[in-house]
Structures are given as C-alpha cells and as structure tokens.
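Working through the structure, step by step
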Amino acid sequence: MTRKEITCDWIDRYNEDELNEADKRLFLKQMEGSPLLRSEVRLDAALDRFLMDEELLDLMKKVRRASAKNASARNTSGTNLMSYLLMAASILFLFLITGLFYLVGSEKQTSRHLEQVKMKNTPRLEKNGTAISGSPKAKQNPLDDLAMPLFKASRQGMLAENFESLPEFELLIGCVTRSGPFALISPEPNIAFLAGTDLPFKWKHIPGTGALTLVIMNCRGTSLTEISLESKDSYTLKTRGFREGLYYWKIMAGDDLVTMGKMTLLEQ
Amino acid sequence: MKTICTIHKLLLFSALFPAITGVPQSVIGLTQKEVENVRSHLETGEVVMHYTLTDTSLQINVLGRDILAICHSSLDPVFWSGIRLFRKRLSAAEPSDFLIPGEEMYHFLIKPVEGFLAGIHRLIIITDERLWGVPFEAFIQDDGLQGMGHACDFHYLLNDFEIVYRRSLEIRKTGSPSWQESGCRSNDACQVVFAGFSSLVHGDRRMTGLPGSGREINAIAELFCQKGIPSLLLTGDSMLKTNFEKTVGSSRIFHLATHCIPNRTSDGLTGFLFENSSGEKSPQNQHDLLSLNDLNELKLEADLIVLNACGSGMARSKSEPVDGFLPQMLAKAGAKNVLSALWNVTDNLAELFLVDFYRTWMSGKTYSAALREVKLQWISRRATAMPTLWAPYVLLTN
C-alpha cells in the first residue's frame, strides 16, 4: 500500500467508516506516525460535515425556488422582503463555501470557477451578427442569474485581499541583519509601481559568504518563485504576468534571511 | 518505532536500579556515578533530557530527582530531512510552513517521553552536535487545535517548559541566577561591558551600519544605571579588539552586538566585526575581525556572555572536534551562561528582544525564566509571533 493510495482513497473511506478492521488498524497506525495525515483527515471530515449539512442543503433549495419565483414575478410585483433575505442568505452561503475551499487549499479551483462564470457572461457574437450576453444555457439555471452580481462582489473581495499585508512580515521590511557583508542598494524596501515594469535589484556582497537567492512571495507569504542570484551585484525582476496586488520579496544567503521588502503592483 | 521505556521511583532507585531496568549499563550510556551526580544537582520540577543519536537510532535519557526514563527508538531518513526542513523554515522566515515540521520534531524528540514530563517546568537539553542548532522551544504540540491558524495560535513546547541547553552532563550548581543573585557590584564599571558595532560606515558600502546595536547597548546600560550599576560601553571608535580582550576576561556580563561573519573554510575568517584598531580607514581595511582563533584563547569568568549577532550560536571551529560551536567553546573557557542566536537576526528586532530580556531579568527572574517570558510575550503578538524572530535565541548554561 503506497502513501498515495492512503491519502487519495483511504481518508474518505476512514471518515465514512467504510474500512474493515484490519485496514482501519493499519490506517490508525499510519496516522499515529504522521501529523500531516492527521491534518488531512481532520480537514476532509470537516468538509464532509459541511456538505452533508441538511439545513444548508435545504436553504439552497429554498434559494433556488425563491430565485425562480423572483424571475417570474419581477415584471408584475413589487419588492418582496422575504426574497431579499433569501438572496442575502444565498450570498452568505456561497461565501462560506468559497472560504472552505480556500481553507483546504483550493484557491486554484475557486479562480477556475470564477473564470468559467466570467466566460459564460462575456458577450459573444451570434451567427447573424447579433451580440448577446452570456450563454443560452446560463438563462436556464436560475442560480446563474445570481452568479453575475456574486461574481462582481467576490472579485472585488479578491482584489482587496490581494493588497492585504501580512502582519508577520511587516516588521521585517527593510531589515538589516547582523550577518556582515551584504548591503542592498536598490530597490527601496516598500515601493509601488505598474505591473509589467521591470524592477532592478542591486547590492554589494562579499563572495564566499553564501549563495544568494531572491524569493518572491504573495501577500499571504506563499513563495511564488525563487531566483538564484548568479550575478555578482545586480538582477532585474520582470513583473510581466504578475497580477495587481501586494508582493513580498526576500533575499536569502543559503537558508538564512538577509533582507526583505515589499512591492505593490498596480494594473495599467 | 520500537520504544523501551522504564520509570523508577526515588526511594527504590539506588538499590534496585540494575534489577528493575534489566538493561545493561552500556545501553543506557551513563555510569551510575554520572546519574547520581546529575540527580543530586537537579531541583524539583526540572529534568535533564539527554539525547544520543546515530544515523538510525535515537536514545533519550530523562533524568530527574525522582525520574529515570530511557527511551530507545529507530530513526528513518525522514527524521534527518525533517530537522533540516524545520531549521530552514524557521531561519528563512516562512510564516506558517513550519507547522508540520514543528509537529514532526515534537513527535520524534518529545512525544516518546512526554508521559514523564508531568509536573515538570524546566527542561535541560543535552544534545550532541547533530541536534545543536535545533530550537526545541519551537516544537509544536499537535493537540488538534492548531487548525490553519497563525504562529501566535500554536502550542509550542515553550508554552509548557522553560528550556536551557547544556554541553555535557557535568552539572554544577552555577546555573542561571536572578538579578539579585548575580552579584553585580556598584563599584566596578568593568564588570558589565556592552560592545556595539558603530553605525558609521567609513565608505565601505559592503558593510552596513547597525544603528540598532548602538541603541541596544545604550538602552541596556541605562537599565543597569537605574539599578546603580555602572557599565562600560565600547562603541564607535572604542569598539576595538584590544578593548574587548582587556575587558572580557574580568567582566561578569559581556554583551556583544555586532556583525557575525561566517566563513566555512577558516577559523581565522569567521568571527565578529570590530572597528579597525590601526587608525587607518582605507576602503580595503575598514574593520577588524575577532575570529574564532582569538576566542579560542580566552579565559573567562563571566556569568553571562551575550552574542547578539547573526548565527553566533552556529559559528563553529574546525579545529575543535568536540565543543566546536562557539557557545560551547566559551562555556568551556569558563563562561557560565552564553546567550546566542542560531540564525540571522535583524538589527532592529535584535535590539528590542535583548532590551526586553534584560528588563525582564532585572525584574527578578533567572536568565532562563526571563528568556522564556520574553519569548511568550513575543508569541502573544501576531507581528512578532513567527519563530524566526524569537526562536533563534538559546541559552547554554554551564
């Protein structure tokens, strides 16, 4: 039994109590020896509980019914307080789902979903030259009518998040370490510029005191790329392809931090 | 993992030790005299955790006044890669990627003997060179509550124990005194010496000035002044190797805040930066280096030596096969306590941490208790909770 087999299938079966006694003992023994596996099991169980929550499923059904009712009653009736409350509840429900996906490391899935919604709702040209918005299929699913305003609201939320600073890093910005022969000449430790602009790094360093690496991180501290600084005293970082937002950078000598800074990229 | 653990009660220990354990003395690795010596110097509530490692096995001896536990387990390569990863995640300032490695370290090095630590408040860690540089304080207990929280939410080993390190089982009652016990006298200015690297950079732009070191030693000197204890400040043009050599041998507390220059090839090129004593400030000859070779010749009486410089705890002499790390060298030379940093520290935060340390120590705590309290304060604030900032400081006590 490989570790991959355990993590992909056995976690689900363990949480759903589908393992036989022998397999369960083996799995528990594996869990005992691995904190990572224990964390994965906990997260999977939490996700299962969330998705199996009947009250939430019931709420979702009510939202769909209310949306369908709204769509037909929009031209004939006035405002309906209950329908707005149900709409607000559905927005909250979708935010909770998005937050849960974020917690289990599904950031990529969320952005792929958003891209699909965006593509569904971008204008396209019919064969007769008439431009229409969205796809025909989208109109058949009442939830997709809610997706447009939800998409806009959540995208704005995502943009705001992209600029949120990380408290753990703020005290390290522009830091000087007591490690000797390294002095950063540029860039400034905290700068803002247009995305796509090149950012030059220059420094003074005494060779033989550790290989230098430039690490670029997003605003949550996740490493995006590591660049070995082979040149003696300069490197130009190309920010083409970077989305707008706050990024941190750090220069490492071996495994040790030498200095850190941050840069805010703005859309052109 | 195979575990063989035995526990003995105080009254029966001496008489029945060989019979109860049924384990040959050679397996335990300690003579009976060594065990009795250790136990006689321990206070209630503190234990020695003595680690002996090979490539494939780990033995943990836990010795307390009424505790003896021997735990032997096998290790696989995951352990060694886990140690490297743990240190790297801490020294590289990765905000949450140290959670899993921290839990792994707890699992390997503490969990096997966890049951014997009930009622204990102080751990005295004795390791060989393979584990030196691994900060036990930052091990994380997996109590299921961490979730995906921040560094300030984790349950560190430090939360439960005061931790000090020793270089050997020769335990004497010198330990870690409080301010009142330290014996600092008000009529001797040279008993407390603070040396800080100048913030002036004489045209050598490869070497950054350290304004924080100047503020640090002035702030700490002020704290001592408030207690009526004068101190000697070596800063600016007075921060010379010659002044260091004149004062370090007779001082009770010597505090050094400067650059630590690492060099893996030569003891003569690894050391601490001082001002150039020759008076000539050419670009090629800006500074003096207090090298490991120089430090190896010292005779010390200091109660406390503080090396507030990057990686000072990991500077290592190639000519010393045993006790090769700088804190161990200084302890062997006579220093009773050595506080050093295991990886790079930033100038401003190093200043804040050590000022907090001295202030807390002067409130009546021992060195180890003060160090723990400052670390817990830093953990309580999200901005300073990352172990990169507080975990490098370790206290080696002689």
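Below, the structure is looked at part by part. (Residues numbered from 1 in each chain as written. Chains lettered and ligands numbered in written order. Predicted model: local features only at pLDDT ≥ 70, side-chain atom pairs only at ≥ 80, totals over all residues. Heavy atoms only, no water.)

1. Regarding the overall build of chain A
For the record, the criterion: Secondary structure counts use DSSP, requiring at least four H or I residues in a row for a helix and at least two E residues in a row for a strand, with both numbered from the N terminus. Any two residues whose heavy atoms approach within 4.5 Å at even a single point are treated as in contact. Note on areas: Shrake-Rupley, 1.4 Å probe, and residue coverage restricted to the protein chains presented here.
Along the backbone of chain A there are nine helices and ten strands. In chain A, the proportion of contacts linking residues at least 24 apart, taken out of those at least 6 apart, comes to 60%. As displayed, chain A has an accessible area near 16,400 Å², and 56% of this comes from carbon and sulfur atoms.

2. Some points on the overall build of chain B
As a reminder, the rule being used: Each residue is assigned to one of three classes by its accessible area relative to the maximum for its type, calculated with a 1.4 Å probe on protein chains only: buried under 20%, partly exposed between the two thresholds, exposed over 50%.
Of regular secondary structure, chain B possesses 13 helices and 14 strands. Counting all 398 residues of chain B, 59% fall into the buried class. Put simply, of all contacts in chain B between residues at least 6 apart along the chain, 71% involve residues at least 24 apart. Accessible surface, chain B: about 15,400 Å² in total, of which carbon and sulfur atoms supply 53%.

3. Details of the pattern of salt bridges
Put simply, the test is: By salt bridge we mean one thing: a side-chain nitrogen of Lys or Arg within 4 Å of a carboxyl oxygen of Asp or Glu.
Evaluated as defined, the whole model comprises 17 salt bridges over all chains. A salt bridge links K238 of chain A to D198 of chain A, with the shortest nitrogen-to-oxygen separation between them at 3.5 Å. One end of the pair, K238 of chain A, is in strand β8 (residues 234-238); the other, D198 of chain A, is in strand β5 (residues 198-205), with 40 residues separating them in the sequence. The exposed category is assigned to K238 of chain A, whose relative accessible area is 53%. The partner of D55 of chain B in a salt bridge is R130 of chain B, with the nearest N and O atoms 2.8 Å apart. Of the two residues, D55 of chain B sits in the loop between β1 (46-53) and β2 (57-63) while R130 of chain B sits in the loop between β4 (122-126) and α6 (157-160), which places them 75 residues apart along the sequence. With relative accessibility at 51%, the residue D55 of chain B sits in the exposed group.

4. Topic: the sheet that holds strand β4 (residues 190-194) of chain A
Picture the strands of a sheet paired through backbone hydrogen bonds; they go either parallel or antiparallel. Residue and element names in this part refer to chain A. Basically, it comes down to this: Any two strands with at least two DSSP-identified bridges between them are counted as paired. To get an axis, a line is fitted to the C-alpha atoms, and for a helix only the part in contact is used. The angle between two axes follows their N-to-C directions and goes from 0 to 180 degrees.
An order of β4-β10-β9-β6-β7 is seen for the five strands of this open sheet, with the pairing classed as mixed. For this open sheet the edge positions go to β4 and β7 (223-228), each flanked by a neighbour on one side alone. Across this sheet, the average inter-strand angle for adjacent strands is 25°, counted without regard to direction. Strand direction decides the pairing type here: strand β9 (residues 245-253) and strand β10 (residues 256-266), joined by nine bridges, are antiparallel. Across the sheet, residue Y247 finds its bridge partner in β10, namely M263.

5. Comments concerning the interface of chain A and chain B
Put simply, the rule reads: Take the accessible area each of two parts loses on contact, using a 1.4 Å probe, and add the two losses: that sum is the buried area. Any N or O atom pair separated by 3.5 Å or less is treated as a polar contact, with the protein-specific requirement of one donor-capable and one acceptor-capable atom, and with residues adjacent in sequence counted only for side-chain atom pairs. Note that Gly is not counted as nonpolar here; it falls among the polar residues with everything else outside the nonpolar set of Ala, Val, Leu, Ile, Met, Phe, Trp, Tyr, Cys and Pro and the charged set of Asp, Glu, Lys and Arg.
At the junction of the two partners, chain A supplies 36 residues and chain B supplies 47 residues. Summed over both sides, the interface of chain A with chain B buries roughly 3,400 Å², with 58% coming from carbon and sulfur. Summed over the shared surface of chain A and chain B, the number is three salt bridges. A salt bridge links R382 of chain B to E168 of chain A; the shortest N-O distance between them is 3.1 Å. Where chain A touches chain B, the interface holds 14 residue pairs in polar contact (both at pLDDT 80 or more). For the side of chain A that touches chain B, the secondary structure elements donating two or more residues are α3 (35-51), α9 (167-170), β3 (182-186), β9 and β10 of chain A. The element contributing the most residues to the side of chain A that touches chain B is α3 of chain A, with five residues. Looking at the side of chain A that touches chain B residue by residue, the classes come out as 19 nonpolar, seven polar and ten charged.

6. Notes on the nonpolar core
The nonpolar side chains of a soluble globular protein tend to be buried, and buried together. All names here are of chain B. Defined as follows: To define a nonpolar core, start from buried Ala, Val, Leu, Ile, Met, Phe, Trp, Tyr and Cys residues and group those joined through side-chain atoms within 4.5 Å.
Core analysis: the biggest nonpolar cluster contains 114 residues, and Y51, F136 and Y358 have the highest contact counts within it. Of all the elements, helix α11 (residues 347-361) adds the most residues to this core, at eight residues. Setting aside anything within four residues of it in sequence, one finds Y358 in contact with F194, I220, L223, F224, I253, H255, L304 and V306. Ranked by size, the runner-up nonpolar core spans 31 residues in total, among them F244, I261, L290 and A335.

7. Comments concerning α11 of chain B
Residue and element names in this part refer to chain B. Rules: Helix span, expected: 1.5 Å multiplied by one less than the number of residues in the helix.
Its 15 residues place the ends of α11 21 Å apart at the C-alpha level, agreeing with the 21 Å of an ideal helix rising 1.5 Å per residue. Counting buried residues in α11 gives twelve out of 15 residues, a clear majority hidden from the surface. Of all the residues in α11, the buried ones are D347, L349, A350, E351, F353, L354, V355, D356, F357, Y358, T360 and W361.

8. So, the packing of helix α7 (residues 211-226) of chain B against α11 of chain B
Residue and element names in this part refer to chain B. Applied cut-off: Note on angle classes: values under 35 degrees are labelled roughly parallel, values over 145 roughly antiparallel, values of 65 to 115 roughly perpendicular, and the remainder oblique.
As a packed pair, α7 and α11 sit with axes 8 Å apart at the nearest point and diverge in direction by 10°. In terms of orientation, α7 lies roughly parallel with respect to α11. Listed contacts from α11 to P211, G212, S213, R215, E216, A219, I220, L223 and F224 of α7 are D347, N348, A350, E351, L354, V355, Y358, R359 and W361. Of the residues assigned to the contact of α7 with α11, the class counts are ten nonpolar, three polar and five charged.

9. Details of the packing of aromatic side chains
Residue and element names in this part refer to chain B. Rules: Side-chain rings of Phe, Tyr and Trp (the six-membered ring for Trp) are treated as a pair once their centres are within 6.5 Å; stacked means planes under 30 degrees apart, edge-to-face means over 60, and tilted covers the remaining angles.
What the rule picks out here adds up to 27 aromatic pairs over all chains. With a centroid separation of 4.4 Å and 10° between ring planes, the pair formed by F353 and Y393 is classed as stacked. Placement of the pair is F353 in helix α11 and Y393 in strand β14 (residues 393-397), with a sequence separation of 40 residues. Taken as a pair, F353 and Y393 share a single burial class, namely buried.

10. Quick look at a nonpolar patch on the surface
Here is the rule: Like charges are joined within 9 Å and nonpolar side chains (Val, Leu, Ile, Met, Phe, Trp, Tyr) within 5 Å, but only among residues with over 30% relative accessible area and no salt bridge; these make up the patches.
On the surface, a nonpolar cluster with roughly 350 Å² of combined accessible area is contributed by L81, M82 and L85 of chain A. Locating L85 of chain A in the fold gives a position in helix α5 (residues 81-103).

11. Concerning the state of the cysteines
Disulfides are covalent bonds that connect the sulfur atoms of two cysteines. Rule in force here: Cysteine sulfur atoms are paired as a disulfide whenever they fall within 2.5 Å.
Applying the stated criterion across every chain, the model contains zero disulfides over all chains. Of the cysteine sulfurs around C219 of chain A, a residue in no disulfide, the closest is that of C152 of chain B, at 18 Å. Residue classification places C152 of chain B among the partly exposed positions, given a relative accessible area of 24%.

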